[in-house]
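Here is what each chain is made of, one letter per residue.
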Amino acid sequence: MLVGTAALHENETNPWLSAEARFDAAATRLGLDDGICKVLRSPSREITVHIPVVLDDGRIEVFTGYRVQHNIARGPAKGGIRYAPDVTLDEVRALASWMTWKCAVVNIPFGGGKGGVICDPPLMSQSELERITRRYTAEIIDFIGPERDVPAPDMNTNEQTMAWIMDTYSMHQRHTTTAVVTGKPLNLGGSRGRPEATGRGCLIVTQQALRRFGLDPSNTRVVVQGFGNVGGMAAKLMARAGFKIICVIEYDGAVYNKNGLDIPALMEHRKETGSITGFPEGEAIDREQALFLECEVLLPAAKENVITSANADRLRCKILCEGANGPVTHVADAILQDKKIFVIPDILANAGGVTVSYFEWVQDRQGYFWNEQLVNGRLEEIMVNSFRDVVGYADKHEVNNRIAAYMLALDRVAFAIKLRGIYA
Ligand code: NAD
C-alpha cells in the first residue's frame, strides 16, 4: 500500500482521477442534474480480453487487452488503440472519456472509446505484433464496426496495425469493410492529410491564440516535447508557417537553437542516426530543464503527466498547446491558471486527428475520396470554429479554457442523452 507523498503522487498522476476532477468542476459549473451526471461519468462498456499468442520461438504467451466505450449518445465510439507495457484500465478509461469530450468539442458525430494492450512493441517482431493485433481484433469483434466503435492508431500502433485490424474484421464479415478503423494506409481507404492532421490542428489553434495576444509567428519561440507523429508534424508545419522552433525534447536528449531549428534537417538527422541528439545545427541541452525555457509556446506532444504540481510553477511559456493527451495533471491546472498561462486543452488542441479520422470514415462510407486541399480546408474550418467556441465560452462563464471545453462538451452530450431518453 502506498503512503504519504507516494500515494498523493499516484493520485495526481492517475489519468482517470484527473479526468474525473475536470468533469466534476465542469458539471458543477453547468449545474447538471445528478442522474445525467451519473450517466456521463460512467463508461458504458469496459471489455477485458486475454490474448493468447504463439511467439516466434514457439512459446505461448497471454497478453491482456482492453477496449472501453465511454459514451455513444452522439454516434459510434471512436478512439485509438495503444500498445505499451504500462497500459492500465484506468488509463484507457480516462482516454475513452477524453474522446467523448473531444468529439463533442469539435462537434463531430462520434462518442468516445479507447483500447490498449499490455505489451512491449520494441521487444516484439513484426509477425508477433501482427498475431497479437489479429487475435485482439477477433476477441473484440462483436463490439467494433463502422456503426459501433471505430478504432485508430495511438502510441506504438500505426497504419500497418490498422491494416491488420481492417483485414481481420473484413475476413469475419466476408467483405471488405474499410470504415471499421481510421488511420489506414492511403491505398487501403486512408484519408489524405491524416498523418499531418493532429499537428496541423495544433498549428491552427496556436495561430488563433497568437492573434488573441497580437503576436506574430516570426517572434514566436516554440519548445516541442516529443518528436513523433504529433510533435514532429506540428514542428514541421509551424516552422513552415514562420514560427521559431527553438528546442525539441525527446526521451534521450534535447536540441536547442535560439534562432530556430531547421526541422526538416533534424528529421533527416533522426532518420539517419535514430536520434535527435548529435544534431550539428543545434546545441545539446539538459532535457529536464528544456521544458522550462522561456518561450511563447510550449507544445507537450509526448505523453501524460509531464506537467505536475512539482514543476508547473517553473514553466515560462505564454501559451501551452497540449498536443499529447493529458500532459497536465488536474492539480497543476490551478498553478497554470495563477501564472496566467493560456492553455489550449488537449480535447481541443489535438482534436485535428479525430476530425480527419471522421473525414476518413465519411470517405470510406461514401466510397469517394477527397483531395488534400478539401481535407485541410474542412479541418481548418472546424478547428477555428471550435477554438472560438471554447474561448468564447471561457470568457462568457469566466472559467479557464479547459473547464470551458469540458462544459461545452458535457452540455452537448447531455443534450443528446436527454433527447434520446434513457432506454428501459
Ligand atoms: P508517437 O509515438 O508518434 O510520438 C511520441 C514521441 O514522444 C516519440 O518520438 C517518443 O520518443 C517521444 N517521447 C516519449 N517519451 C518522452 C519523454 N519522456 N520526453 C520526450 N519525448 C518523449 O506518438 P504520437 O502519435 O505523436 O502521440 C503523442 C501523444 O499525442 C499521445 O499522448 C497521444 O495519445 C496523443 N495524440 C495523438 C494523436 C495522433 O493522431 N497521433 C491524436 C491525438 C492525441
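Residues numbered from 1 in each chain as written. Predicted model: local features only at pLDDT ≥ 70, side-chain atom pairs only at ≥ 80, totals over all residues. Heavy atoms only, no water.

### Details of the nonpolar core
Under the convention used in this document: By nonpolar core we mean a set of buried residues, namely Ala, Val, Leu, Ile, Met, Phe, Trp, Tyr and Cys, connected to one another through side-chain atoms within 4.5 Å. Throughout this description, buried means an accessible area under 20% of the type-specific maximum (1.4 Å probe, protein chains only), exposed means over 50%, and partly exposed covers the range between. By the criteria applied, helices consist of DSSP H or I runs no shorter than four residues and strands consist of E runs no shorter than two, each listed in order from the N terminus.
By size, the foremost hydrophobic cluster in this structure holds 88 residues, and its most contacted members are L40, W101, I245, V248, I344 and L410. Sorting elements by how many residues they give to this core places helix 15 (residues 401-420) first, with 12 residues. Within the second largest apolar cluster, 24 residues are counted, among which are L55, F63, C119 and I144.

### So, the pattern of salt bridges
For clarity, the cut-off: For this analysis, a salt bridge means a side-chain nitrogen from Lys or Arg found within 4 Å of a carboxyl oxygen belonging to Asp or Glu.
Going through the model one piece at a time under the given rule, you end up with 29 salt bridges. A single network of salt bridges, built from pairs that share partners, joins R22, E322, D333, D346 and R402.

### A closer look at the sheet that holds strand 3 (residues 77-84)
As a general point, the strands of a sheet are linked pairwise by backbone hydrogen bonds and lie either parallel or antiparallel. Test applied: A pair of strands is treated as paired once DSSP finds two or more bridges between them. Interaxial angle, 0 to 180 degrees, is taken between N-to-C directions of lines fitted to C-alpha atoms, where a helix line uses only the stretch in contact.
Strand order in the open sheet formed by 5 strands is 1-2-4-3-5, with mixed pairing between adjacent strands. Edge strands, defined here as strands with exactly one partner in the open sheet, are strand 1 (45-54) and strand 5 (149-153). Neighbour-to-neighbour, the strand axes of this sheet turn through a mean angle of 25°, independent of strand direction.

### As for the pairing of strand 10 (residues 297-300)
With burial as the criterion, each face of strand 10 is covered, one bearing V297 and L299 and the other bearing L298 and P300. Relative to strand 10, strand 6 (residues 221-225) runs parallel, the two sharing 4 bridges. The partner of Q225 across the bridge, within strand 10, is P300. Here 2 bridges tie strand 10 to strand 11 (residues 319-321), and the two strands are oriented parallel to one another. In the strand pairing of strand 11, L298 is matched with L320.

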